[in-house]
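Architecture at a glance
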Amino acid sequence: MLRHQLTQLPCVQAGPPRLPLPCVAPGDGGKCWAAAGGKESIWLAVHLQTQQEVKMRMMGMAMHVIRTDGFFALYNGLSASLCRQMTYSLTRFGIYETAKKHLGQGSQGPPPFYQKVLMAAAGGFTGGFVGTPADMVNVRMQNDVKQPPAQRRNYSHALDGMYRVLREEGLKKLFSGATVASFRGALVTIGQGGCATFLCQPLDVLKTRLMNSHGEYQGVVHCAMETAKLGPLAFYKGFVPAAVRLVPQTVLTFLFLEQLRKYFGIKVTT
C-alpha cells in the first residue's frame, strides 16, 4: 500500500534556487566582487583627496606606498569597503527594485523614465546614509598609511573601526559626512559610470575630507570653503582613479547582476 502511494506522488523537477528579495542579493554580490577588484583605485582616490597641497600624483603615491609599506598596503580597508558595499548597495538596489516592481503592478509595461529617476535618487540617497559608518571607517583605514605612527588609528577591521568610533567619538561622529554621502549616492545611482564620476567628484572630495577630519571642519559649508581656497580643481582631486574604479565597477556590477538574475530565475521588465 505504501509503495503504491509513493508512486502516485507528483514528480518535482529541480530548478535554480529562488530569492525572496528579487535582485537585491545579486546586485549586492556583484558590487562586492567589483569593489574588491577596484580596491587600489579607491585607495589612491582617498589619498589624493585628503592632500591639502599637491605633493604627489597618482603613480608617484602608489609607488611610494609600495616601497615603504608593501604592495598589500594598497588593500588597507578592504573589509570596510566590502561592508560599505553590502550596506550601501543592498539598500539602494533593494529600494529601487522593490519600488519599480510595486509601481509596475497593474499597469501597462514598466514605469516611465521620470519615475525611474526618482526611485534611483531615493534609493541612492538612503543607501548613502546607511553606508556612511562603513564608508567613514574605510576612508580612515586607507588614510592611516600616510599618518605618523603616533597618529594612526589602527583599526583591525570594519566592525572594530565602527565600534571604536562609536565608543570614543560618539554616534554623531559615526555619521560624519552623511549629508554629502547621501546626495552623492543619489547622483551616482541616477548617472552610473563616467557621468556619475564627473557629477559626484566634488561631493566625493568633501565626503572624504569630512570623514577623515580630526575636528578641523565645522560642517559641510566650512569644508567646502576651505577646499575652495586651493582652487576649483581641488574639488576634482582623485578624479582619474575614481573614474578608473567606477566605470569598470559599474560594468562588472551589471554583468554579475544579469548572470545572477538568470541563475536565480528572476524575470525583470526594463
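The following refers to the structure shown. (Residues numbered from 1 in each chain as written. Predicted model: local features only at pLDDT ≥ 70, side-chain atom pairs only at ≥ 80, totals over all residues. Heavy atoms only, no water.)

1. Some points on the overall build of the chain
- Looking only at helices and strands, the chain has 13 helices and 0 strands in total.
- Mapped from its N terminus to its C terminus, the chain presents α and β elements in the order α-α-α-α-α-α-α-α-α-α-α-α-α.
- A burial count over the chain gives 46% of its 270 residues as buried.
- When contacts within the chain are restricted to residue pairs at least 6 apart in sequence, those whose partners lie at least 24 apart make up 76%. (Helix = DSSP H or I, 4+ residues; strand = E, 2+ residues; numbered from the N terminus. Buried < 20%, exposed > 50% of the residue type's maximum accessible area, 1.4 Å probe, protein only. Contact = heavy atoms within 4.5 Å.)

2. Let's talk about the environment of Glu258
- The topology assignment puts Glu258 in helix α13 (residues 239-264).
- There is a polar contact of 2.7 Å between the side chain of Glu258 and the side chain of Arg261. (Polar contact = N/O pair within 3.5 Å; in protein donor to acceptor, adjacent residues only side chain to side chain.)

3. Some thoughts on the environment of Phe175
- Mapped onto the fold, Phe175 is located in the loop between α9 (171-174) and α10 (178-190).
- Owing to a relative accessible area of 27%, Phe175 belongs among the partly exposed residues under this scheme.
- Along the primary structure Phe175 and Val165 are separated by 10 residues, whereas in three dimensions their C-alpha atoms are 9.9 Å apart.
- Setting aside residues no more than four positions away along its own chain, Phe175 makes contact with Phe129, Thr132 and Pro133.

4. Points about the side chain of Thr189
- Structurally, Thr189 is set in helix α10.
- We classify Thr189 as buried; its relative accessible area is 16%.
- Look past the residues within four positions of Thr189 in its chain and what remains in contact with it is Tyr88, Arg92, Ala120 and Gly124.

5. Observations concerning the packing of helix α5 (residues 78-104) against α10
- Packing of α5 against α10 leaves a shortest axis separation of 12 Å and a crossing angle of 65 degrees. Crossing of α5 over α10 shows right-handed handedness. Contacts between α5 and α10 involve Arg84, Tyr88 and Arg92 from the first element and Arg184, Gly185, Val188 and Thr189 from the second.
- For the contact of α5 with α10, the residue count by class is 2 nonpolar, 2 polar and 3 charged. (Axes fitted to C-alpha atoms, helices over the stretch in contact; angles between N-to-C directions. Left-handed = near helix turned anticlockwise from the far one by under 90°. Nonpolar A, V, L, I, M, F, W, Y, C, P; charged D, E, K, R; others polar.)

6. A few points about the nonpolar core
- Among the nonpolar cores identified, the biggest contains 15 residues, and Val137 and Met162 are the most heavily contacted of them.
- Elements represented by at least two residues in this core include exactly α5, α7 (132-143) and α8 (158-169).
- The greatest single-element share of this core, amounting to 5 residues, is contributed by α7.
- Core analysis: the next-biggest nonpolar cluster, separate from the first, contains 6 residues, Val180, Leu206, Tyr217 and Cys223 among them. (Core = buried A, V, L, I, M, F, W, Y, C linked by side-chain atoms within 4.5 Å.)

7. Section: the environment of Gly185
- Relative to the elements of secondary structure, Gly185 occurs in helix α10.
- When its relative accessible area of 0% is taken as the criterion, Gly185 is described as buried.
- Spatially, the C-alpha atoms of Gly185 and Cys200 are 8.5 Å apart, while their sequence positions differ by 15 residues.

Taken by themselves, the reported measurements are silent on function.
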